[in-house]
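Listed below, chain by chain, are the residues.
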Amino acid sequence: MTRARPARVAVLISGEGTNLQALIDAAAEGRIDARIDAVLSDRPAAPGLERARRAGIETRVTGGGKGREPELAAALQEIEPDLVVLAGFMRVLGPDLVRRHAGRMLNIHPSLLPRHRGLNTHQRVLESGDTHHGATVHFVTEQLDAGPRIIQYRIAVSREDTPESLARRVHRGEHIILPQAVGWFADGRLRLEAGMCSLDGVRLEEPIVIEEEAS
Ligand code: GRF
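Numbering of residues begins from 1 in every chain and follows the order in which that chain's sequence is written. Note on the predicted model: pLDDT of at least 70 is required for a residue's local features to be given, and 80 or more for side-chain atom pairs to be given and counted; whole-chain, interface and lining totals, by contrast, use all residues. Excluded from the side-chain calculations are hydrogens and water; all other atoms, namely the structure's heavy atoms, are used.

*Asks:* Describe in detail helix α5 (residues 121-128), supporting the description with residues and values.
*Replies:* Looking only at α5, the buried set comprises Thr121, His122 and Val125. Down the axis of α5, the buried set is contained in an arc of 105°. They therefore lie on one face. In what follows, a contact means two residues having at least one pair of non-hydrogen atoms within 4.5 Å. Only DSSP runs of H or I reaching four residues or more are called helices, and only runs of E reaching two or more are called strands; each is numbered from the N terminus. On its buried face, α5 sits against β5 (105-109), β6 (132-139) and α6 (163-186). Downstream of α5 by a residue or two, Gly129 has a phi angle that is positive, lying close to 70°. For every residue, the accessible area obtained with a 1.4 Å probe (protein chains only) is divided by the maximum for its type, and the residue is called buried under 20%, exposed over 50%, and partly exposed between those limits. Of all possible arcs, the one meant is that of the directions from the helix axis to the C-beta atoms.

Below is the structure:
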């Protein structure tokens, strides 16, 4: 199914917003059939808010602090996006909010899920001696970082890598796979049905993998 209009996207951020920027650029350049209608942040000082303002996108600061999730839920209800993207949003969302957006909420996580759910993934990859690392875009479900995986960016870990070098390389890949997944969703090609992702009507038993190009 193709939409008659661009998909309306709300992006939730807490920090720099470089993934948000990748989405803004992809939409502005017509690489994805999506329009970012609103950027919401739980942190008023999130630099990503400035990126949104520069692009003329509505911003809201909401959902910060304990017990403030209903505020965020109400804001999303008002905006009524086709898709919610968590792009460096550092809060765990409650089950009600997640359920309300089931199949319409994506997250980007800096690891090759199911490895290294949660925080400090770059450090943990080095401590575990993993040979590979990367990032994953997945549908959000009630369990943290455990929803159906859509696409991954994969890099080979070298002996010289530090948490900082891994963060840099992974970030570059995130800026490729997040617009890709949002573009598929916007085109009606990507769906979540009965707990499984499908792309172009074919079930994704495993995520699509993009390898880092040798530099
Ligand atoms: C990304 O690494 C993302 O995977 C993680 O938080 C970081 C956000 O980066 N969840 P940015 O704010 O998009 O630059």
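Once the structure has been displayed, the description carries forward.
*Asks:* How would you explain the nonpolar core if you had to name every residue and give the values?
*Replies:* Note that soluble globular proteins tend to have their nonpolar side chains buried in a common cluster. Counting 43 residues, the largest nonpolar core has Val11, Val39, Val85, Val137, Ile150 and Val182 as the members making the most contacts within it. In this structure Ile150 touches Leu106, Val137, His138, Phe139, Ala181, Trp184, Leu190, Cys197, Leu204, Pro207 and Ile208, once residues within four positions along its chain are discounted. Here, the term nonpolar core denotes a set of buried Ala, Val, Leu, Ile, Met, Phe, Trp, Tyr and Cys residues that are joined through side-chain atoms within 4.5 Å. Ranked by size, the runner-up nonpolar core spans 17 residues in total, among them Leu40, Leu93, Val98 and Val140.

*Asks:* A description of the layout of surface pockets should follow, citing residues and the corresponding values.
*Replies:* Only protein atoms enter the calculation, which uses a 1 Å grid: trapped sets of points that fit a 1.4 Å probe without letting it out are cavities, open sets showing protein on both sides within 12 Å along at least five of seven lines are pockets, and any residue with an atom within 4 Å of a point is a lining residue. Grid points are joined across faces, edges and corners, and a volume is the space filled by probe spheres set on the points. Counted as a void, the largest pocket has a volume near 820 Å³. Of all the elements in the fold, those that place two or more residues in the lining of the largest pocket are α1 (18-28), β5, α5 and α6. Basically, the charged four are Asp, Glu, Lys and Arg, the nonpolar ten are Ala, Val, Leu, Ile, Met, Phe, Trp, Tyr, Cys and Pro, and anything else, Gly included, counts as polar. Partitioned by chemical class, the residues of the lining of the largest pocket number 14 nonpolar, 15 polar and 5 charged.

*Asks:* Describe the packing of α1 against α6, and please don't skip the residues or the numbers.
*Replies:* Running from N to C, α1 and α6 point in directions that differ by 45°, and their axes come no closer than 9 Å. Between α1 and α6, the crossing angle belongs to the class labelled oblique. At the point where α1 passes α6, the crossing takes the right-handed sense. Facing Thr18, Asn19, Ala22, Leu23 and Ala26 of α1, the residues of α6 in contact are His171, Glu174, His175, Leu178, Pro179 and Val182. Grouping the amino acids of the contact of α1 with α6 by side-chain chemistry returns 6 nonpolar, 4 polar and 1 charged. In this analysis an axis means a line fitted to C-alpha atoms, helices contributing only their contacting stretch, and an angle means the value between N-to-C directions, from 0 to 180 degrees. Orientation is classified from the angle alone, with under 35 degrees giving roughly parallel, over 145 giving roughly antiparallel, 65 to 115 giving roughly perpendicular, and any other angle giving oblique. The hand of a helix crossing depends on one turn: near helix anticlockwise from the far one by less than a right angle means left-handed, and clockwise means right-handed.

*Asks:* Report on the sheet that holds strand β10 (residues 202-203), specifying residues and quantitative values.
*Replies:* By definition, two strands form a pair when at least two bridges between them are found by DSSP. Judged by pairing direction, the sheet is antiparallel, and its 3 strands sit side by side in the order β8-β9-β10 without closing on themselves. Each of the sheet's edge strands pairs with one partner strand only, and the pair in question is β8 (190-193) and β10. As paired strands, strand β9 (residues 196-199) and β10 are joined by 2 bridges and run antiparallel to one another. Across the sheet, the residue bridging to Ser198 is Arg203, located in β10.

Worth remembering: the numbers are spatial, not functional.
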